[in-house]
Amino acid sequence: MPEDNEAVPVGAPEKTIPLGEEAPSATPEVRPLLRVEGLVKHFPITKGLLRRQVGAVHAVDDISFDVRPGETLGVVGESGCGKSTMGRLVTRLLEPTGGTIEFEGRDISHLGVGGMRPMRRDIQMIFQDPYSSLNPRHTVGTIVGAPFRLQGITPDGGVKKEVQRLLGLVGLNPEHYNRYPHEFSGGQRQRIGIARALALKPKLVIADEPVSALDVSIQAQVVNLLDDLQDELGLTYVIIAHDLSVIRHVSDRIAVMYLGKIVELTDRRSLYGAPMHPYTKALLSAVPVPDPRRRAQRERILLKGDVPSPISPPSGCRFHTRCWKATEVCRTDEPVLTALRTGHQVACHHPEPVESPGEAAA
Amino acid sequence: MTAPLPETSATGTATVVADAEIPVPGTTIEGRSPWRIAWTRLKRDKLALAGGIVVLLLVLVAIFAPLIVDLFGHPPNEYHEDQIDPLFGTPKGSWGGINGDFLFGVEPVNGRDVFSRVVYGARVSLLVAFLSAVVAVLIGTVLGIIAGYFGGWVDTVVSRVMDALLAFPQLLFIIALISVVPNELWGLTGSGVRMAVLIAVIGFFGWPYVGRIVRGQTLSLREREYVEAARSLGAGRTYILFRELLPNLVAPITVYATLMIPTNVLTEAALSFLGAGVKPPTSSWGQMLSKAVNTYEGDPMFMVIPGLAIFVTVLAFNLFGDGVRDALDPKGSR
Ligand SMILES: Nc1ncnc2c1ncn2[C@@H]1O[C@H](COP(=O)(O)OP(=O)(O)O)[C@@H](O)[C@H]1O
Ligand code: SF4
Ligand SMILES: [Mg+2]
């Protein structure tokens, strides 16, 4: 029965840039929707009955970036590098230790629960684990209707009707309103989470590894859904991923994180075509290449050692313990994230040379 | 997002792996709630059902004790010396004086109707056991949730208090306490006071067991992403505690409460046996047992009957409680 199949986008819809709006990378001076500056989050480590602080996890350490209206910023990095913490700071589920978060020009860095409540309509989050992100004791109707209840909004036609519309929007059967999360598959559950995040018509959606818990065969469907919904609803995304393959086709710009720092930030084309940071190169070498001829050309860079502990990150460049290009200066001086070319920011003392334009194709 | 989509979404590929696991239409659209599923499982567990039926009967007996005694027995404090052998003080006839008129026989010496006293004893036993479980669940749930959700020094304090109470010699304490409790308290008199004190004290010493379980569950539940999802929608603490966490705690609390009742039945019986229970002439099973100790040689039936009452009650609640636990938590993670 057709209504029992999830709406699967067959054949990728041709993406067009809406008139009057240019490609984001071309107009960097447009006012950002989100501006993050010098954001820091340290989780204190306490000991003993008196909870004396003996150290801190440097989960996010001085990161700055902008997100422009309508774009998708991809954020990648190995597990534990602070991506989720960054997402939770921006959605203000966590209190930043330092730095500022501005949304539409308004400083939300230290707003309390009450002050954040109206902002929550505009900033929403899609969570990583579709099994833990839906309360098993609530029906789908309750889950997707919760945003209206919590924000005191009655949509036109009532909550139930709107919830059913949202279920349809994400490709689920609206009649399944009374079902419980355990009656759905992982991909369907993630769609429920997406419906909940979109209920209040947010402007910015932070998606924290939205497909990493899903079966590979389902991942593309959910990514495509997010992509379609962006066009339909004019959303701005920050999509977090732990490798460069998932977000390749949906990101306008990509930020690469390593141990709480952004090490490279640029548009998709130059990141995939001409990565400048050794860590980005290593990540990129792990992405499967469909074309066998190109696969043969490219050497796989295997990083030595483990990610160092964020409790006492390495001095100088945090990547120097694993970098094959590391020199003395890397151990002592921290490289600053600087724009080396229009739009291409990299934090490295010995960045990769700019490759020939012929190679720089996504 | 400006590029066409990847290879994976090319025509056809996506449909092959279509994520369509929703049951076939025609089946009911009504969701199967976790409670409905548990009920279905419980219904298949014959032993638990039998336990449940006995529990239900016992509760009915306790509620309708006056009516039942009216129909099948004699007033519980009426003496029937005509049923007693004047020489030995034991009931006339065999089996403790069981006959059509006195279904469970009579008490030695004074000839009171054992049936009526057992029926009224069920009242005391179940009321004390049930209400003390309620007290334990209320205190344990509130403090357990607070400790688990807020953590920090609150958790440290609550956890230490629970440890201390669990190490406390509660039976000795209750006996000592009962001996100093006045005859009138909280507007109650006599056995009413004793029952209120029993309920309060058994409940008070029971809450750490509930508290530990609730705290542990809350600790793990508060890390679930649905709690963060609620916060990201603007939910405050009250909403998270009552709407997100509590519904997930009801199952473990129910299980623990059902399994706590038989323990409380035994505690009440032990206290009554030791003279720290309800006051005569109000009857209770433990008290009957302690009286029977003096006459068990001449009249063993008077000991067997309250003993059986306790045994059947505890067994029925345990069978039912185990069934509820298995139904609510089939994986056996406790
Ligand atoms: N609530 C927390 N308390 C203490 N440490 C935390 C907390 N959340 C995350 N961390 C630590 O911060 C670091 C970054 O975590 P996270 O942001 O989840 O990384 P990612 O999402 O990139 O895998 C990890 O070392 C993690 O252990
Ligand atoms: S700064 Fe040095 S250690 Fe760090 S990435 Fe660049 S070359 Fe490697
Ligand atoms: Mg993460």
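Quantities reported herein were computed from a predicted structural model and do not represent experimental measurements. (Residues numbered from 1 in each chain as written. Chains lettered and ligands numbered in written order. Predicted model: local features only at pLDDT ≥ 70, side-chain atom pairs only at ≥ 80, totals over all residues. Heavy atoms only, no water.)

**Some words on the overall build of chain A**
Here is step 1: A tally of helices and strands in chain A yields 10 helices and 12 strands.
Here is step 2: Looking at chain A as a whole, 54% of its 362 residues qualify as buried.
Here is step 3: Looking at chain A alone, contacts between residues at least 24 apart form 65% of all its contacts between residues at least 6 apart.
Here is step 4: Only carbon and sulfur atoms are counted for the fraction: they give 53% of the accessible area of chain A, which is about 15500 Å². (Helix = DSSP H or I, 4+ residues; strand = E, 2+ residues; numbered from the N terminus. Buried < 20%, exposed > 50% of the residue type's maximum accessible area, 1.4 Å probe, protein only. Contact = heavy atoms within 4.5 Å. Areas by Shrake-Rupley, 256 points an atom, 1.4 Å probe, with all protein chains shown as cover.)

**Section: the site of ligand 1**
All names here are of chain A.
Here is step 1: With respect to spatial proximity, the complete set of residues near ligand 1 consists of F43, V57, A59, E78, S79, G80, C81, G82, K83, S84, T85 and P310.
Here is step 2: Here an oxygen atom of ligand 1 and a backbone polar atom of G80 are 2.6 Å apart.
Here is step 3: The separation between an oxygen atom of ligand 1 and a polar main-chain atom of G82 is 3.1 Å.
Here is step 4: Starting from 560 Å² of accessible surface for ligand 1 in isolation, the protein chains cover 61%.
Here is step 5: Secondary structure elements with two or more residues in the shell around ligand 1: β2 (52–67) and α1 (83–90).
Here is step 6: Considering only residue class, the shell around ligand 1 consists of 5 nonpolar, 5 polar and 2 charged. (Near = heavy atom within 4 Å. Polar contact = N/O pair within 3.5 Å; in protein donor to acceptor, adjacent residues only side chain to side chain. Nonpolar A, V, L, I, M, F, W, Y, C, P; charged D, E, K, R; others polar.)

**A few points about the nonpolar core**
Soluble, globular proteins show a tendency: their nonpolar side chains are buried together.
Here is step 1: Grouped together as the largest cluster of nonpolar side chains are 120 residues, with contacts concentrated most on I194(A) and L244(A).
Here is step 2: Of the residues forming this core, the biggest block, 13 residues, is contributed by helix α5 (residues 114–150) of chain B.
Here is step 3: Not counting residues up to four positions away in its chain, the partners in contact with I194(A) are I126(A), V170(A), V222(A), L225(A), L226(A) and L229(A).
Here is step 4: V36(A), C81(A), F103(A) and M116(A) belong to the second-largest nonpolar core, a separate cluster that totals 30 residues. (Core = buried A, V, L, I, M, F, W, Y, C linked by side-chain atoms within 4.5 Å.)

**Side note on the state of the cysteines**
All names here are of chain A.
Here is step 1: Counted by the stated rule, this structure contains 0 disulfides over all chains.
Here is step 2: Just so you know, C81 is unpaired, no disulfide at all, and the nearest cysteine sulfur is the one on C317, 14 Å from it.
Here is step 3: A residue is classified by how much of its surface remains accessible, and C317, at 12% relative accessible area, is buried. (Disulfide = S-S within 2.5 Å.)

**Digging into helix α5 (residues 186–198) of chain A**
Here is step 1: The terminal C-alpha atoms of α5(A), which comprises 13 residues, lie 18 Å apart, in line with the 18 Å expected from a rise of 1.5 Å per residue.
Here is step 2: Among the 13 residues in α5(A), 13 count as buried, and that is most of the element. (Expected span 1.5 Å × (residues − 1).)

**What to know about the site of ligand 2**
Here is step 1: What surrounds ligand 2 is a group of 13 residues, the closest being C317(A), C323(A), C330(A), C348(A) and H349(A).
Here is step 2: Judged by its atoms lying within 2 Å of the grid points, ligand 2 is housed in the second largest cavity. (1 Å grid on protein atoms, 1.4 Å probe; cavity = no way out; pocket = protein on both sides within 12 Å on 5 of 7 lines; lining within 4 Å. Sits in = over half its atoms within 2 Å of the grid points.)

**As for the packing of helix α2 (residues 34–44) of chain B against helix α12 (residues 301–328) of chain B**
Residues and elements named next belong to chain B.
Here is step 1: Look at α2 against α12: their axes get within 8 Å of each other, and the N-to-C directions meet at 130 degrees. Classed by the angle they form, the pair α2 and α12 counts as oblique. The handedness of the crossing between α2 and α12 comes out as right-handed. Of the residues in α12, those in contact with W35, A38, R41 and L42 of α2 are F320, G323, V324, D326, A327 and L328.
Here is step 2: Each residue belonging to the contact of α2 with α12 can be placed in one class, and the counts come to 7 nonpolar, 1 polar and 2 charged. (Axes fitted to C-alpha atoms, helices over the stretch in contact; angles between N-to-C directions. Parallel < 35°, antiparallel > 145°, perpendicular 65-115°, else oblique. Left-handed = near helix turned anticlockwise from the far one by under 90°.)

**Structural notes on a nonpolar patch on the surface**
Residue and element names in this part refer to chain B.
Here is step 1: Taken together, I53, L56, L57, V59, L60, I63, F64, L67, L71 and F72 make up a surface patch of nonpolar side chains, about 980 Å² in accessible area.
Here is step 2: Among the elements of the structure, α3 (46–63) and α4 (65–72) are those that each provide at least two residues to the nonpolar patch.
Here is step 3: Sorting elements by how many residues they give to the nonpolar patch places α3 first, with 6 residues.
Here is step 4: Of note, V59 is situated in helix α3.
Here is step 5: The partly exposed category is assigned to V59, whose relative accessible area is 33%. (Patch = residues over 30% accessible without salt bridge, like charges linked within 9 Å, V, L, I, M, F, W, Y side chains within 5 Å. Salt bridge = Lys/Arg side-chain N within 4 Å of Asp/Glu carboxyl O.)

**Here's the deal with helix α4 (residues 159–169) of chain A**
Residues and elements named next belong to chain A.
Here is step 1: Within the sequence span of α4, burial applies to E162, V163, Q164, L166 and L167.
Here is step 2: Those residues of α4 that are buried are in contact with α3 (140–151) and α5.
Here is step 3: Looking one or two residues past α4, G171 carries a phi angle of roughly 85 degrees, positive in sign.

**A closer look at empty space enclosed by the protein**
Here is step 1: Counted under the stated rule, the structure contains 4 cavities of 30 Å³ or more.
Here is step 2: Breaking the lining of the largest cavity down by element, the ones donating at least two residues are α3 of chain A together with α9 (225–232) and α10 (237–273) of chain B.
Here is step 3: For the lining of the largest cavity, the element with the highest residue contribution is α3(A), accounting for 3 residues.
Here is step 4: Across the lining of the largest cavity, the residue classes tally to 6 nonpolar, 3 polar and 2 charged.
Here is step 5: In this model, the second largest cavity occupies a volume close to 60 Å³.
Here is step 6: Tallied by class, the residues present in the lining of the second largest cavity amount to 6 nonpolar, 4 polar and 1 charged. (Points joined across faces, edges and corners; volume = space filled by probe spheres on them.)

**Remarks on the pairing of strand β8 (residues 236–241) of chain A**
All names here are of chain A.
Here is step 1: The buried fraction of β8 amounts to 6 of the 6 residues, a majority that puts the element mostly inside the structure.
Here is step 2: Side chains of β8 alternate between two faces, with T236, V238 and I240 and Y237, I239 and A241 buried alike.
Here is step 3: As defined by bridge partners, strand β7 (residues 204–208) adjoins β8 across 5 bridges and the pair is classed as parallel. Within β8, the residue paired with D208 across the bridge is I240.
Here is step 4: Since β7 and β8 lie parallel, the crossover through helix α6 (residues 216–233) that links them has a hand, and here it is right-handed. (Pairing = 2+ DSSP bridges. Right-handed = clockwise from strand over helix to strand, strands pointing away.)

**So, the environment of E297(B)**
Residues and elements named next belong to chain B.
Here is step 1: Following the sequence through the fold, E297 ends up in the loop between α11 (285–295) and α12.
Here is step 2: You can call E297 exposed: its relative accessible area is 69%.
Here is step 3: Here the alpha-carbon distance between E297 and T90, two residues 207 residues apart in the chain, equals 10.0 Å.

**Quick notes on the packing of aromatic side chains**
Here is step 1: The tally for this structure, following the rule as stated, stands at 8 aromatic pairs over all chains.
Here is step 2: Relative to F319(A), the ring of Y279(A) lies with its centre 5.2 Å away and its plane at 65 degrees, an arrangement referred to as edge-to-face. With a gap of 40 residues between them, Y279(A) in helix α8 (residues 278–285) and F319(A) in the loop between α9 (292–297) and α10 (328–332) connect regions that are remote in the sequence.
Here is step 3: Residue classification places Y279(A) among the buried residues on the basis of a relative accessible area of 0%.
Here is step 4: Given a relative accessible area of 1%, F319(A) falls into the buried group.
Here is step 5: Aromatic pair F168(B) and F205(B): ring centres 5.6 Å apart, planes at 25 degrees, arrangement stacked. With F168(B) in the loop between α6 (152–166) and α7 (170–180) and F205(B) in helix α8 (residues 191–221), the pair connects residues that are 37 residues apart, well separated along the chain. (Phe/Tyr/Trp six-rings, centres within 6.5 Å; stacked < 30°, edge-to-face > 60°.)

**A look at the environment of S312(A)**
Residues and elements named next belong to chain A.
Here is step 1: Considering the arrangement of structural elements, one finds S312 in the loop between α9 and α10.
Here is step 2: With a relative accessible area of 54%, S312 lands in the exposed category.
Here is step 3: C-alpha of S312 to C-alpha of F127: the two residues are 185 residues apart in sequence and 28 Å apart in space.

**Structural notes on the packing of α4(B) against α5(B)**
All names here are of chain B.
Here is step 1: At their nearest, the axes of α4 and α5 sit 10 Å apart, and the two run at 170 degrees to each other. In terms of their interaxial angle, α4 and α5 are classed as roughly antiparallel. Residues A65, P66, I68, V69 and F72 of α4 form the contact with α5, whose own contacting residues are F115, S116, V119, Y120 and R123.

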